[in-house]
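These are the residues of each chain, in order.
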Amino acid sequence: MNGFSFRRFLAVLRKEWIQVRRDPFTLRMIIALPVMQLFLFGYAINADPKHLPTGLLSVDHSKYERTLVAALKNTGYYDIRPLTSEAEAERGLADGELLFVVNIPPNFDRSVDRGEQPSVLMDADATDPSAIGNATAALAGLVSALDRDVPQAILSSPARPPFQFQVHARYNPEQLTVLNIVPGLICIVLTMSTLFVTTLAITRETERGTMENLLAMPVRPIEVMLAKVVPYIAIGYAQVVLIIAIAVAVFGLPVRGSVPLLTLVLGIFIASNLALGITFSTIARNQMQAIQMAQFTLLPSFLLSGFMFPFKGMPVWAQWAGEVIPMTHALRIVRGMLLKGNGFAEIAPDLWPICVFTLVVAAVAAWSYRVTLD
């Protein structure tokens, strides 16, 4: 046994290769994960989002206004849609349907012709500063949009452009990144902790040889799954309380929404992750497979939910995929409740997809639960 033997090395290598071939699921996951990373980073991720939903409030519909709206569209950052009232604008910003609202003052043409330099108010949803940063920066180049139409006498003084933009950063006036990251971090921590723990719940019993005792007990599959899930709901709530307490005390995170409603929503989100983890645990044959399935789920959750990159900057197909992920809706709800003070009416469009996902995944887990070891 002294020294290195190439024959012994080849024998062990052959044995390891046979083991790899006996687990084709793990091999497919190892190959699929980098391929998914390549496509997500190559096509879905965009740090410079364009075509952002923008509302337009106007009274006159004048010549200068049409020129200004055309200039906004030509930047590529703004998709303009007319609004009928300020209440509709407020609702659109609160729901996340609009990222900007352009409010052109009455008598805009007359004010420009008189050289009064009127202000065009631009309300921006600043809960995600990275999503609106480049779009608001592009406004500086639009003050010359009316130069062709405005009388030259008004343009004689270059220090006074014909009008100016007044940007109002809503919900996060200082555009602090931490106020965007911390609410999202709540969802990230809950997903990572609850998903991985429950993913190993059933497979760990099988590999330790205790699954026989569990199957011999007079309990139904739903009873087993609930018993394994409920303790981690309490742990998830403890994590939420800790994160929010530190964020409020250290980073000045505002809590503008209802705390009981936020508690209920996070409980549903925790249940969705636990149900998904139990589903993976019932499908996987060993802990390695279960962990790989969880990792395969976490990557799209991080990249397509809007946590790391602006959701509106992704292509349409990536946004459709992101809408299936519970974290996408949980992020919107948590940010909206903490920063905007949203109530049930505003969060309902994002709450029901999480509920449906939880019910469907729980049904799959109950169906795939094996009552025998065969």
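Residues numbered from 1 in each chain as written. Predicted model: local features only at pLDDT ≥ 70, side-chain atom pairs only at ≥ 80, totals over all residues. Heavy atoms only, no water.

Peer 1: Break down the environment of Gly267 for me, with residues and values.
Peer 2: Residue position: Gly267 is located in helix H11 (residues 259-283). Look at Gly267 and you get buried, because its relative accessible area is 13%. The sequence separation of Gly267 and Ile233 amounts to 34 residues, and the corresponding C-alpha distance is 7.1 Å. (Helix = DSSP H or I, 4+ residues; strand = E, 2+ residues; numbered from the N terminus. Buried < 20%, exposed > 50% of the residue type's maximum accessible area, 1.4 Å probe, protein only.)

Peer 1: Account for the nonpolar core, with residues named and values stated.
Peer 2: For soluble globular proteins, nonpolar side chains are generally found buried alongside one another. With 59 residues, the main nonpolar core has Ile186 and Met327 as its most contacted residues. Excluding its chain neighbours within four sequence positions, the residues that come into contact with Ile186 are Val240, Ile243, Ile244, Leu266, Val334 and Leu338. Among the nonpolar cores identified, the runner-up in size contains 28 residues, and Leu72, Tyr78, Val112 and Met122 belong to it. (Core = buried A, V, L, I, M, F, W, Y, C linked by side-chain atoms within 4.5 Å. Contact = heavy atoms within 4.5 Å.)

Peer 1: Break down a nonpolar patch on the surface for me, citing the residues and quoting the values.
Peer 2: Residues Phe4, Phe6, Phe9, Leu10 and Leu13 make up a contiguous nonpolar surface patch of roughly 540 Å² in combined accessible area. For Phe4, the position within the fold is in the segment before helix H1 (6-21). Among the residues examined, Phe4 registers a relative accessible area of 69% and is labelled exposed. (Patch = residues over 30% accessible without salt bridge, like charges linked within 9 Å, V, L, I, M, F, W, Y side chains within 5 Å. Areas by Shrake-Rupley, 256 points an atom, 1.4 Å probe, with all protein chains shown as cover. Salt bridge = Lys/Arg side-chain N within 4 Å of Asp/Glu carboxyl O.)

Peer 1: Explain the packing of aromatic side chains residue by residue, including any values.
Peer 2: With the rule as written, the count across this model stands at 3 aromatic pairs. Summarising the aromatic geometry, the rings of Phe163 and Phe165 are spaced 5.3 Å apart at their centres and angled 75° between planes, so their arrangement reads as edge-to-face. The structure contains a cluster of three or more aromatic residues connected by ring pairs, namely Phe108, Phe163 and Phe165. Over the face of the ring belonging to Tyr77 we find Lys50, whose NZ or CZ atom lies 5.1 Å from the ring centre. In this arrangement the basic side chain of Arg332 is found over the ring face of Phe311, its NZ or CZ atom lying 4.7 Å from the centre. (Phe/Tyr/Trp six-rings, centres within 6.5 Å; stacked < 30°, edge-to-face > 60°. Lys NZ or Arg CZ within 6 Å of the ring centre and 35° of its normal.)

Peer 1: Can you tell me about the environment of Arg81, naming the residues and giving the values?
Peer 2: Among the structural elements, Arg81 can be located in strand E2 (residues 78-82). When the C-alpha atoms of Arg81 and Leu56 are compared, they prove to be 6.0 Å apart, with 25 residues separating the residues in sequence. When residues no more than four places from it in sequence are discounted, the contact partners of Arg81 are Pro53, Thr54, Gly55, Leu56, Glu97 and Leu98.

Peer 1: Give a description of the sheet that holds strand E5 (residues 164-170) that names residues and reports values.
Peer 2: Backbone hydrogen bonds are what pair the strands of a sheet, in a parallel or an antiparallel way. One open sheet holds the 5 strands; their spatial order is E2-E1-E3-E4-E5, and the pairing between them is mixed. Since the sheet does not close on itself, it has two edges, and those belong to E2 and E5, each with one partner. The sheet shows a mean angle of 25° between the axes of neighbouring strands, direction not considered. Two strands pair when backbone bridges link them, and strand E1 (residues 52-57) and strand E3 (residues 100-103) are joined in this way by 4 bridges, in the parallel orientation. Considered in E3, the bridge of Thr54 is made with Phe100. (Pairing = 2+ DSSP bridges. Axes fitted to C-alpha atoms, helices over the stretch in contact; angles between N-to-C directions.)

Peer 1: Please set out the packing of helix H7 (residues 178-199) against H11 residue by residue, giving values where relevant.
Peer 2: At their nearest, the axes of H7 and H11 sit 7 Å apart, and the two run at 35° to each other. The crossing of H7 and H11 is right-handed. On H11, the residues touching Ile186, Cys187, Leu190, Thr191, Thr194, Leu195, Thr198 and Thr199 of H7 are Leu266, Phe269, Ile270, Asn273, Leu274, Leu276, Gly277, Ile278, Phe280 and Ser281. Split by residue class, the contact of H7 with H11 holds 11 nonpolar, 7 polar and no charged. (Left-handed = near helix turned anticlockwise from the far one by under 90°. Nonpolar A, V, L, I, M, F, W, Y, C, P; charged D, E, K, R; others polar.)

Peer 1: Which residues make up helix H14 (residues 326-340), and what are the values?
Peer 2: With 15 residues, H14 should cover 21 Å at 1.5 Å per step; its first-to-last C-alpha distance of 20 Å lies within 8% of that length. Positive phi shows up at Gly341, right after H14, with a value of about 75°. (Expected span 1.5 Å × (residues − 1).)

Peer 1: Which residues make up the pattern of salt bridges, and what values go with them?
Peer 2: What the rule picks out here adds up to 5 salt bridges. We note a salt bridge from Arg114 to Glu116, for which the minimum N-O separation is 3.9 Å. With relative accessibility at 43%, the residue Glu116 sits in the partly exposed group. Among the salt bridges present, the one from Asp125 reaches Lys340, with a minimum N-O distance of 2.9 Å. Remark: Lys340 occurs in helix H14 and Asp125 occurs in strand E4 (residues 119-125); sequence separation between them is 215 residues. For the pair shown, Asp125 and Lys340 are each scored as buried. The network of salt bridges with shared partners includes Glu323, Arg332 and Asp350.

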